[in-house]
Structure formats: structure tokens, C-alpha cells
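Fold and contact review
Here is how the chains run, residue by residue.
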Amino acid sequence: MKIKEVLEELFYRIDDLFVDLRFFLRESKKNRERTKKGLSRRPVHNQINLKKLGVGAAGILVCFLAVFLIVTGIRKGISAVSGRQISAKPEQIVMSETEKMTEETYPEQDITIGSTGCMLLHSPFISSYPDAQGNYDFSSVYQYITPYYSEPDFMTCEFEGSLSGPEAGYYGYPTFRSPDAIIENIRDSGVDLQMLATNHIYDAWSDGFHRTMDVYEEKGIAYTGIRKNTDEKPYYIADIKGVTVGFIDYVYETPGEGTNLNGLKLTAEDGELVNSFSYDDLQPFYDEMSGRIREMKEDGARFIVLNLHWGTEYQLTESSVQDEIAQKMCDLGVDALIGGHPHCEQPIDVLNAEDGSRKMFCIYSVGNALSNQRTYLMNEMPTGHTEDGVMVTLTLHQEKNGIVRITSVDILPTWVYRFQENGSKYYILPLDDVDHLEELTGLTDAVSDARASYERTMEELGPGLEKARQAFHK
């Protein structure tokens, strides 16, 4: 047994050298090709120091062949001693996957992904938008923002509420039961994927919960965060111009036995169909996310976006538990974290993985994309922040080795404008050119409030945006 163990350890050490030499040869070849093209050479980082080993360039091939013969012989020797084949160490399996990533098998591509905040229909939306026959159409809400939502290669948002149907009745706060038309209007504005793991998804109980998914599927609208049965994927994989991105969405649970959302207890079966986590016990969430990140990567995801419905309402800074969760998600392998639920914006930050290997973009809350939380109605936050939202755009670059990185970050402040026309009506206004807003929209009474909204957003998000731009520059 002792001889076998010594041989196994020797095999692992030599096999490490064998892998390193292959890596060095491949990177050296790439540098020669870059030199021929007039490009600068890239440093070859490796786990071994060839100079210390006394290996010159001319001797690398000899070492390569020698190691191959030694490894082959040791494999046979160990098999003879132990009567079985020896598989690679877990570390060697990881190295093998890394080697596969360095093969030029992926299209070099730039893509943009956009995301914006919660869309929730308060009571004025229910009373002001039906026509004489009771049919709803919210498309006018999006007429100014549609060119912006349509610009990224892939766009997401949160829809907060349930679709329980006209027979169950439509309601705003505190139980959001919205007309089906809203999700079509959101889609037609340019949104490709809607996040449904929110604290209001169960507002119409189990029937409304399942009907919501039926409507999405009937209309062919992509969603994630909830699923119809446990055989379906709890995440969404999108092929965006040859770049595979994984999207996953979670919501916090409220206290109670089993799974509770917004104080409503889900059936045991329904609890299995919502991506949710408990602040009281975060380890199961961490374990689950670790597994799901692995599954998304096995399904081809090269970049992972996590949406979290979390935090404390009407707070402009994130809580310590949000910081803890965000750092853990970064360590586990999330590339971008988009937060929602506080109904106001919370800062942008860049987190570094504990092992120093990677960075994660994070915005703790994107605020309200659409709501009726007007300044004069909000005793909890009478500062105007509940009228503000932001659209975040990340530019991603996929290298030929399959690695996908953020190369730029941009934001578009948005503001919900309310006006009277047979009831309360609304526009989501882009605030990229406030000085010419009246000229662009014809709205004569919007500029002052729009400018105030823009200034609130930039005060809240500007420092983090600059940090992200520095961290993710090309």
C-alpha cells in the first residue's frame, strides 16, 4: 500500500508538470503568432519557473516527450500495483476544463445586456386604463422609453405582481393582481426576460400563481424565478449573438412556517417552485446557488447574472446582510448582481472574490421602473426617490477562449411622469437629455421634476458608476 501511495503522489506531481508544459507551449505559440501580426506579446504566467528548472527553449520539447513517457509508464505501474486505473485529481480536472476554454472555439463577440427595476401596478393603473369594454392597454406608458429598452442585445426587468385574471378581480396595493396586458406591453417595449421571483408573486394565492405562468407561456413571454414543476430549470439560459448568458432570480422569504412571501404561506408544492431564500438561515441559499451556478455552466453559461429581490424598503443604502450576501455570490461565481425591492435606488459597487480571481458588478437596487409611489403619497420616503429608476447596461466581451468579461458599464436614469387624462396616466421618461426633454416629448410641466430626479439618481449612483467604469475598462 505504501509503495502504491508514493507512486500515486509521484504521478500527480509529474502530471502537473506535464500540464504546465503543454500550457507553456500553447501560450508561446500564440505569442509567436502575435509577433508575426505586429501585436505585443502577452506574458505567460505559469505555475513552474522554467529558468529555475534549467529548461531552455530548445529543451522544452525533450522535456515534454520525457514527461509523457514517464507519466505513461507510471500510469501502467500504478495500475499494475493497485489493479485499477488512476483518474486525475479534481485539480487536474479543473485544469483540463481551463485548457478547453483556451481553445479558440468561441466567437469573439461584444454584446450588451440591459436591466431595469420593478414594474408594479398600483390602483390608479387599474382604474384609469380600461376602455369601455374593460380591456387594458398600457403601451402608451412605454412610448418614450421603448427605444432605450430595445437598444441592448438582451433586456430584463422585474414584474411585481400576479396575473389572477378578470374573474378574480384586479387590485393594487397591498395585493397586486394585474391585467394580463401589462406583460405584453412590457415585452413589446423591448424587454426580453421578466423576473418573477418577487414578494408579490403569490398575491392571488396558488391559483393566481399558476395562472401567471400559464399566461406567460400562452403568450410566449420569457420569465424566470418561478417554474411550473421541479423538472423545469430554475434559471434561464440565453444565447445572445453567440454568447451564452445565464440568468437566475431569487426573492427573500418573510417569517413563518414553510415558505412565506409577503406574509402569505405557500403550499409545500408551490414553495418548491419559487427561487427563495431566508435571511434567518442563509447557508441553504448559498449551497443551492453553488449548485445552480454549476448547472448553468454545465448548460453552457459563460457569464452569470443574478437578480435579487431583497433589502429594506425606502433605504438609500444597502444593509449589512446585503453586503454579506453580495460578497458570497461574488465568491461563488456570479458575474453581475442586479437588486430590486427597496422602491428606491441603492448604490453601485464592484466586489472582488475572496481568492482575488475575479470581480463582480453589483447594483444593490435599481429602484422603481414603474409605480404610483408619488412623493406626496410617501410618508415613508417623501424625498422623491420612489419616483426614480435606472436602466443599467453592461457591455460584455467574449474572447476566443470562451472567457466573458464586462468591458463597460452605463446607466440611464428614468423617471415616472404622472398626468391627468381620463384618470391618472403615466410615462416612463428617459433622462439622458433633460435640457431638451420638453422639445423631445412636448411635456411642458415635466422638466423641473425630471431634472430633480436625474440629480437624485446621479447623487446615489454616480460614485459607484465611476468605480465600476474604472474596474471594467477595456
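Just so we're clear, the structure is a prediction, and the values are computed from it rather than from any experiment.

1. Thoughts on helix α7 (residues 181–188)
Listing the buried residues of α7 in full gives Ala181, Ile182, Ile183, Asn185 and Ile186. As for α7, its buried residues are in contact with β1 (109–119), β2 (154–159), β3 (193–195) and α8 (205–219). Positive phi appears at Gly190, one or two residues downstream of α7, with a value of about 120 degrees.

2. A few points about the pairing of β1
Burial within β1 is extensive, with nine of its 11 residues counted as buried. Note that β1 and strand β15 (residues 388–398) share seven bridges and pair antiparallel. Bridging from a neighbouring strand, Thr112 pairs with Thr395 of β15. Of the strand pairs in this sheet, β1 and strand β14 (residues 368–370) are connected by two bridges, and their pairing is parallel. Its bridge partner lying in β14, Met119 is registered against Leu370.

3. Here we look at the confidence of the model for the chain
Taken as a whole, the chain shows an average pLDDT of 86; of its residues, 78% reach a score of 70 or greater. The least confident element of the chain, judged by mean pLDDT, is helix α2 (residues 50–53) at 36; the most confident is strand β11 (residues 336–340) at 99. Here residues 4–20 scores under 50 on pLDDT; set against residues more than four positions off or in separate chains, the count is 41 contacts. For residues 34–102, every residue scores under 50 in pLDDT, and the model assigns this stretch 88 contacts once sequence neighbours within four places are set aside.

4. Notes on the nonpolar core
Residues Tyr142, Tyr149, Phe285, Met329 and Leu370 are the most contacted members of the largest nonpolar core, which totals 71 residues. At five residues, the largest contribution of residues to this core is made by helix α10 (residues 283–298). Setting aside its immediate chain neighbours within four residues, Tyr149 contacts Thr116, Met119, Tyr142, Met155, Ser189, Gly190, Val191, Ala369, Met391 and Ile428.

5. What about the environment of Cys344?
With respect to the helices and strands, Cys344 occurs in the loop between β11 and β12 (345–352). Expressed as a C-alpha distance, the spacing of Cys344 and Ser365, which sit 21 residues apart in the sequence, is 6.9 Å. Once you skip the residues sitting within four places of it in the chain, Cys344 turns out to touch Tyr314, Gln315, Leu316, Ser365, Gly367, Met381 and His385.

6. Quick word on the state of the cysteines
Summed over all chains, the structure comprises zero disulfides. Counting only cysteine sulfurs, Cys330 is the nearest neighbor of Cys362, a cysteine outside any disulfide, at a range of 9.3 Å. Look at Cys362 and you get buried, because its relative accessible area is 0%.

7. Some details on the pairing of strand β13 (residues 359–366)
Among the eight residues of β13, seven are classified as buried, and the element is accordingly described as predominantly covered. Bridge count for β11 against β13 is three bridges, and the pairing is parallel. If you follow Leu337 over to β13, its bridge partner there is Cys362. Bridging between β12 and β13 involves seven bridges; their strand directions are antiparallel. Residue pairing in the sheet places Val350 in a bridge with Phe361 of β13. Turn length for the β12-β13 hairpin, with the two strands adjacent in sequence and antiparallel, is six residues, and the turn residue Gly356 shows positive phi of about 75 degrees.

8. Description of the pattern of salt bridges
Two side chains carrying opposite charge are able to pair once their charged atoms lie near each other. Counted under the stated rule, the structure contains 16 salt bridges. Asp180 is paired through a salt bridge with Arg211; the nearest N and O atoms lie 2.9 Å apart. Here Arg211 lies in helix α8 and Asp180 lies in the loop between β2 and α7, a separation of 31 residues in the sequence. On the basis of relative accessible area, Asp180 is assigned to the buried category, the value being 17%.

9. Brief notes about α10
Here α10 is 16 residues long and its end C-alpha atoms lie 23 Å apart, about the 22 Å a rise of 1.5 Å per residue gives. Three or more residues of α10 are buried, namely Phe285, Tyr286, Met289, Gly291, Arg292, Ile293 and Met296. In this fold, the buried residues of α10 make contact with β5 (236–240), β6 (243–252), β9 (276–277), β10 (303–309) and α11 (320–332). Once α10 finishes, Gly300 follows within two positions and takes phi at roughly 105 degrees, a positive value.

10. With respect to the packing of α10 against α11
Think of two packed helices as two axes; the pair is described by the angle between the axes and how far apart they sit. Between α10 and α11, the least distance of the axes is 10 Å, while the angle of their chain directions is 30 degrees. When the axis of α10 is compared with that of α11, the two are roughly parallel. Crossing angle aside, the handedness with which α10 passes α11 is right-handed. In this structure, α10 uses Phe285, Tyr286, Met289, Ser290 and Ile293 to contact α11, whose residues at the interface are Glu324, Ile325, Lys328, Met329 and Leu332. For the contact of α10 with α11, the residue count by class is seven nonpolar, one polar and two charged.

11. Comments concerning the packing of aromatic side chains
Here the structure, examined in full by the defined rule, presents 22 aromatic pairs. On the basis of an interplanar angle of 70 degrees and a centroid distance of 6.5 Å, the ring pair of Tyr173 and Phe176 is categorised as edge-to-face. The exposure class of Phe176 is buried, given its relative accessible area of 1%. Relative to Phe419, the ring of Tyr417 lies with its centre 5.7 Å away and its plane at 20 degrees, an arrangement referred to as stacked.

12. Some details on unusual backbone geometry
Of note, the amide linkage connecting Tyr173 to Pro174 takes the cis form, showing an omega dihedral of 10 degrees. In this fold, Pro174 is placed in the loop between β2 and α7. A positive phi angle, close to 55 degrees, is found at Lys241, a residue other than glycine. Summarising the element assignment, Lys241 is placed in the loop between β5 and β6. A residue is classified by how much of its surface remains accessible, and Lys241, at 45% relative accessible area, is partly exposed. We note that His341 has phi near 115 degrees; this positive angle belongs to a residue other than glycine.

The rules behind each value
- Residues numbered from 1 in each chain as written.
- Predicted model: local features only at pLDDT ≥ 70, side-chain atom pairs only at ≥ 80, totals over all residues.
- Heavy atoms only, no water.
- Buried < 20%, exposed > 50% of the residue type's maximum accessible area, 1.4 Å probe, protein only.
- Helix = DSSP H or I, 4+ residues; strand = E, 2+ residues; numbered from the N terminus.
- Contact = heavy atoms within 4.5 Å.
- Pairing = 2+ DSSP bridges.
- pLDDT = per-residue confidence, 0-100.
- Core = buried A, V, L, I, M, F, W, Y, C linked by side-chain atoms within 4.5 Å.
- Disulfide = S-S within 2.5 Å.
- Salt bridge = Lys/Arg side-chain N within 4 Å of Asp/Glu carboxyl O.
- Expected span 1.5 Å × (residues − 1).
- Axes fitted to C-alpha atoms, helices over the stretch in contact; angles between N-to-C directions.
- Parallel < 35°, antiparallel > 145°, perpendicular 65-115°, else oblique.
- Left-handed = near helix turned anticlockwise from the far one by under 90°.
- Nonpolar A, V, L, I, M, F, W, Y, C, P; charged D, E, K, R; others polar.
- Phe/Tyr/Trp six-rings, centres within 6.5 Å; stacked < 30°, edge-to-face > 60°.

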